[in-house]
Amino acid sequence: MNFFLRDVWKQSKVIFAFFVIFTLGTFVCTYSKIQVTPFFLWAHYSDPQTSTGQHERIYIKVNGEILDLPSITRPTREVIQLPMEYFVQLERSNYDTGTRQIIRKKIATRFSAATAQKMEARLCNSKGDKRAYLSWLASYIERVYKKKVYTMEVGTCDLVFVKKTEVQRMNLIPIAEYKRP
Amino acid sequence: MIYFFSDIARTRLTRWVFAWLFLVLLYQWWADLMISQLESPVLLRVDLDVTYWLVHLTGIGEFFKNNGFAAFTFDLILTLLCLATAIFPKRMVLPILTGIFFLIYCVLLNSYQCWHYHNLITLILLIIPFCVRSLKSFSILFAGLRYAVAYIYASAAIWKLFRGSVFNEGQMQWLIEHNYVDRMAIPGYQPNFLENTMLYLLESPKLAAFALILGVAMEASFLVAFFTKKFDRYLIGIGVVFHLITAVLVDVSFLQLWILFVVFLPFERLFKFNPESNVS
């Protein structure tokens, strides 16, 4: 690596500077554990975990029946599942996300309150988005599963391994409900 | 040693890379993952990624949410740009525009999916060398990309070593349970042969721990790329096998990123470089 950078230095000072900035950016982001594109962190599955046989998941009940998420393709499933998991986080944190906190702490104190408010509106979801999100989710599910959604309940549950290949859904906790207007 | 690409070699490489990107985008269309296909999503997650902030502060995401036709046009232009770059690899403006559009696309998609996936956005690193005109600059940037790709895998191993997950008892069992629990919750689900193999590891803690260490060792093997190019061809093999395993284990193949392994190809033999054009 050192030799490579030495060769780069001989060939182009501009590209050398680019590589140094990129390397420093990557180190800073890695040290602070904050990802800023294009300084990616590759820390997937690096947190030590304990196997308990129990995993918290989201569930969606459509017209009273649990939606079979694994039956659809992974990309489509994730458009439903990942925002839903984030929605649960938002509901639990009362929509007080890290992004909102940084804007209030760093932006509002250095710039005007109006600027901070505009940024919050563009970058953060608020409680007012709850209804619109559930409505979007219902219409997305209608398209994917090709069935009408009259009622919908979303929440969290525990999936528990009772045998090696048998899993039971337990401890359902509703988070929000939706009824077709 | 840094090799200078010849004009013909660069042209071929441009065609490969952007044809791959075009195929990736066709997959995204098939999977309903283009911005216009997300049906004006409501939630967005930017976390503390300033690049995501900047893209959303321009108002472009909001604009596409409120204007389906504009979103569709954006998706279409991005796709055609990749195709056009593959067809006209010498038009410098095309890879630059593709890079900008691709970055915006990945940021918007990841924001609306509420998960900052790496499987697409990392390709932005691959596009950068193609955005410079001179062959010399291109060659140096492409040589640098080789280290960036090696860093991706090596750092993944280092994270697991430093955080202690690699030698953590029960880590592999948790990993398998975590990724298999949803499908196992389907009444009457019958695991296939590969899934059964993974589930077998649940009952064999020592074998599971060994499998995890082996996986991390495969990632760590990319460290060798920082010291020599001798083993580059093996790294391609190791990378592909590693991703085939992750496809079974965590249902993620990172197939879109496989094009990054192009940096480990022996270009001096593939394109029969003129030795006089080599610089060190």
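Quick caveat: nothing in here was measured; it's all calculated off a predicted structure.

**Overview of the overall build of chain A**
Of the regular secondary structure elements, chain A holds 6 helices and 4 strands. Secondary structure elements in chain A, listed N-terminal to C-terminal, are α-α-β-β-α-α-α-α-β-β. Rg of the C-alpha trace for chain A: 23 Å, well past the compact-globule value of 16 Å for 181 residues, more than 25% over. Counting every position in chain A, which comprises 181 residues, the buried fraction comes to 20%.

**Quick look at helix H10 (residues 205-220) of chain B**
All names here are of chain B. Here H10 is 16 residues long and its end C-alpha atoms lie 22 Å apart, about the 22 Å a rise of 1.5 Å per residue gives. The complete set of buried residues in H10 reads Ala208, Leu212, Gly215, Val216 and Glu219. For H10, the buried positions fall inside an angular range of 95° around the axis, keeping them on one side. Seen from the buried face of H10, the exposed residues on the opposite side, beyond 90 degrees, are Lys206, Leu207 and Leu214. At its buried positions, H10 is contacted by helix H7 (135-163), helix H8 (171-184), helix H9 (193-202) and helix H11 (232-249).

**Quick word on the interface of chain B and chain A**
The interface is formed by 69 residues belonging to chain B together with 60 residues belonging to chain A. Residue assignment for the side of chain B that touches chain A shows that the elements contributing at least two residues are helix H2 (50-57), helix H6 (123-127), H7, H8 and H9 of chain B. For the side of chain B that touches chain A, the class distribution of residues is 37 nonpolar, 18 polar and 14 charged.

**So, the sheet that holds strand E4 (residues 166-179) of chain A**
Residue and element names in this part refer to chain A. Spatial strand order, E2-E1-E3-E4: 4 strands in an open sheet with antiparallel pairing. Each edge of the sheet is formed by a strand with only one pairing partner; in this case those strands are strand E2 (65-66) and E4. Summarising the sheet, strand E3 (residues 151-163) and E4 pair through 11 bridges and their orientation is antiparallel. In the strand pairing of E4, methionine 152 is matched with tyrosine 178. Here helix H6 (residues 129-145) sits on the sheet in contact with strand E1 (54-62), E3 and E4, set at roughly 120° to E4.

**Focus on the environment of threonine 115 of chain A**
Residues and elements named next belong to chain A. Relative to the elements of secondary structure, threonine 115 occurs in helix H5 (residues 113-123). Judged by local crowding, threonine 115 falls into the partly exposed class, with 13 C-beta atoms found within 10 Å. Remark: the alpha-carbon pair of threonine 115 and isoleucine 103, spanning 12 residues in sequence, is separated by 9.5 Å.

**Section: the packing of H5 of chain A against H2 of chain B**
Put simply, H5 of chain A and H2 of chain B touch, their axes get as near as 9 Å, and they point 95° apart. Regarding the angle of H5 of chain A to H2 of chain B, the classification is roughly perpendicular. The residues of H2 of chain B that touch H5 of chain A, namely those facing Met119, Arg122 and Leu123 of chain A, are Trp53, His56 and Leu57 of chain B. In the contact of H5 of chain A with H2 of chain B, the residues fall into 4 nonpolar, 1 polar and 1 charged.

Cut-offs and rules
- Residues numbered from 1 in each chain as written.
- Chains lettered and ligands numbered in written order.
- Predicted model: local features only at pLDDT ≥ 70, side-chain atom pairs only at ≥ 80, totals over all residues.
- Helix = DSSP H or I, 4+ residues; strand = E, 2+ residues; numbered from the N terminus.
- Rg over C-alpha atoms; globule rule 2.2 N^0.38 Å.
- Buried ≥ 20, exposed ≤ 12 C-beta atoms within 10 Å, placed from the backbone.
- Expected span 1.5 Å × (residues − 1).
- Arc of directions from axis to C-beta.
- Contact = placed C-beta atoms within 7 Å.
- Nonpolar A, V, L, I, M, F, W, Y, C, P; charged D, E, K, R; others polar.
- Pairing = 2+ DSSP bridges.
- Axes fitted to C-alpha atoms, helices over the stretch in contact; angles between N-to-C directions.
- Parallel < 35°, antiparallel > 145°, perpendicular 65-115°, else oblique.

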